[in-house]
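# Fold and contact review
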Amino acid sequence: MVKSILIVFGIVRTLSLALFLVACASVGTKKEQQEIRTLVKEGFYRQALEVVKSSNIYQEETSVFLKSCEIGRLWFLMGAYDNAITELTKAKEIYQALYKESTTDKVKNLLANDNYKTYYGETYERSSLNFLLSMSHFIQYESGVKKSYDEEKKELVSVTLNDADRRQELFRARAEVIEWDSFLNQKIGENYGESVFKND
């Protein structure tokens, strides 16, 4: 059982790292992108987190969703699952608020320069939020430990979960998977069941 969890955890970390590196390519200066990629590849997640938090690009109001995603992914890679849950939930709420923005505003933004319009996020990014949230909850359920990063101590702090708290983590993991499925079904409905292919 433990071996299978470690295998799943390794796959999840690899996928999360890949998603992070792809997302890095979407905003930021080339120098910042390269610095973040290098830090993540070498496992210096805390330093990468500081770069994301201090980056001028991520401070812009138009990239608030992406910033929240990146921070959540980095917390996940660090093993600070409770911090990841908080930040990824915030990113999901931002995505939902942006998604509700009127079509008129989106049309106006299409006419503006790409550098100045609000980044709404792609379907794969929104899906990755549910995936990482469900995995964070499941890892905490399976391990029986809630892990968060203590800013004052500059270290991961572990709190042992009782049986009721572990069940809550499992239910939350399941809820994320169900929400993810609903989201994907909604996207299929918006496209009338047809695949969307963009040829740039």
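This section reports on the structure supplied with the text.

Conventions used here
- Residues numbered from 1 in each chain as written.
- Predicted model: local features only at pLDDT ≥ 70, side-chain atom pairs only at ≥ 80, totals over all residues.
- Heavy atoms only, no water.
- Helix = DSSP H or I, 4+ residues; strand = E, 2+ residues; numbered from the N terminus.
- Buried < 20%, exposed > 50% of the residue type's maximum accessible area, 1.4 Å probe, protein only.
- Contact = heavy atoms within 4.5 Å.
- Axes fitted to C-alpha atoms, helices over the stretch in contact; angles between N-to-C directions.
- Parallel < 35°, antiparallel > 145°, perpendicular 65-115°, else oblique.
- Nonpolar A, V, L, I, M, F, W, Y, C, P; charged D, E, K, R; others polar.
- Expected span 1.5 Å × (residues − 1).
- Salt bridge = Lys/Arg side-chain N within 4 Å of Asp/Glu carboxyl O.
- Pairing = 2+ DSSP bridges.
- Polar contact = N/O pair within 3.5 Å; in protein donor to acceptor, adjacent residues only side chain to side chain.

### Quick word on the overall build of the protein chain
- Helices and strands together make up the secondary structure of the protein chain, namely nine helices and two strands.
- The helix and strand sequence of the protein chain, counted from the amino end, reads α-α-α-α-α-α-α-α-β-β-α.
- Looking at the protein chain as a whole, 39% of its 200 residues qualify as buried.
- In the protein chain, once contacts between residues fewer than 6 apart in sequence are set aside, the share between residues at least 24 apart is 64%.

### With respect to the environment of serine 127
- In this fold, serine 127 is placed in helix α8 (residues 123–143).
- Considering only alpha carbons, one finds serine 127 and phenylalanine 183, 56 residues apart in sequence, at a separation of 8.0 Å.
- In this view, serine 127 contacts Trp180, Phe183 and Leu184; residues no more than four positions away in its chain are not counted.

### Here we look at the packing of helix α3 (residues 45–54) against helix α5 (residues 64–78)
- Contact pair α3 / α5: the axes reach a minimum separation of 9 Å and the direction vectors enclose 170°. In terms of their interaxial angle, α3 and α5 are classed as roughly antiparallel. Along the contact surface, α3 presents Tyr45, Arg46, Ala48, Leu49, Val52 and Lys53, while α5 presents Lys67, Glu70, Ile71, Leu74, Trp75, Leu77 and Met78.
- Its residues assigned to classes, the contact of α3 with α5 shows nine nonpolar, no polar and four charged.

### Section: α8
- For α8, built from 21 residues, the straight-helix expectation of 30 Å at 1.5 Å per residue is met to within 8% by its first-to-last C-alpha distance of 30 Å.
- The buried fraction of α8 is high, at 16 of 21 residues.
- Once α8 finishes, glycine 144 follows within two positions and takes phi at roughly 75°, a positive value.

### Details of the pattern of salt bridges
- One pass over the full model with this rule turns up nine salt bridges.
- One salt bridge in this structure joins arginine 46 and glutamate 50, with 2.8 Å as the shortest N-O distance. Within this pair, arginine 46 and its partner glutamate 50 are both found in helix α3, separated by four residues, close to a single helical turn.
- The salt bridge partner of arginine 126 is glutamate 179, with a shortest N-O separation of 3.0 Å.

### A closer look at the pairing of strand β2 (residues 155–160)
- Summarising the sheet, strand β1 (residues 145–150) and β2 pair through six bridges and their orientation is antiparallel. Paired with aspartate 150 across the bridge in β2 is glutamate 155.
- What sits between β1 and β2 in their antiparallel hairpin is a turn of four residues, with lysine 154 showing a positive phi close to 55°.

### Section: the environment of arginine 166
- As for its position among the elements, arginine 166 is in helix α9 (residues 163–190).
- In this structure arginine 166 comes out as partly exposed when scored by relative accessible area, which is 24%.
- Counting along the chain gives 28 residues from arginine 166 to phenylalanine 138, while the straight-line C-alpha distance between them is 9.0 Å.
- Residues within four places of arginine 166 in sequence aside, it is in contact with Tyr141, Glu142, Gly144 and Leu161.
- Within the local environment of arginine 166, its side chain forms a polar contact with the backbone oxygen of tyrosine 141, the two atoms lying 2.7 Å apart.
- Separated by 3.5 Å, the side chain of arginine 166 and the backbone oxygen of glutamate 142 make a polar contact.

### Comments concerning unusual backbone geometry
- Of note in the backbone geometry, lysine 154 takes a positive phi value of approximately 55° without being a glycine.
- Here lysine 154 falls in the exposed class, since its relative accessible area comes to 53%.

### A look at the side chain of glutamate 87
- In this fold, glutamate 87 is placed in helix α6 (residues 81–99).
- In contact with glutamate 87, other than residues within four places in its own chain, are Ser68, Ile71, Gly72 and Trp75.

### Quick word on α5
- Here α5 spans 21 Å end to end across 15 residues, near enough to the 21 Å set by a 1.5 Å rise per residue.
- When you tally the buried positions in α5, you get 14 out of 15 residues, the bulk of the element.
- After α5 finishes, the residue glycine 79 shows a positive phi value of roughly 90°.

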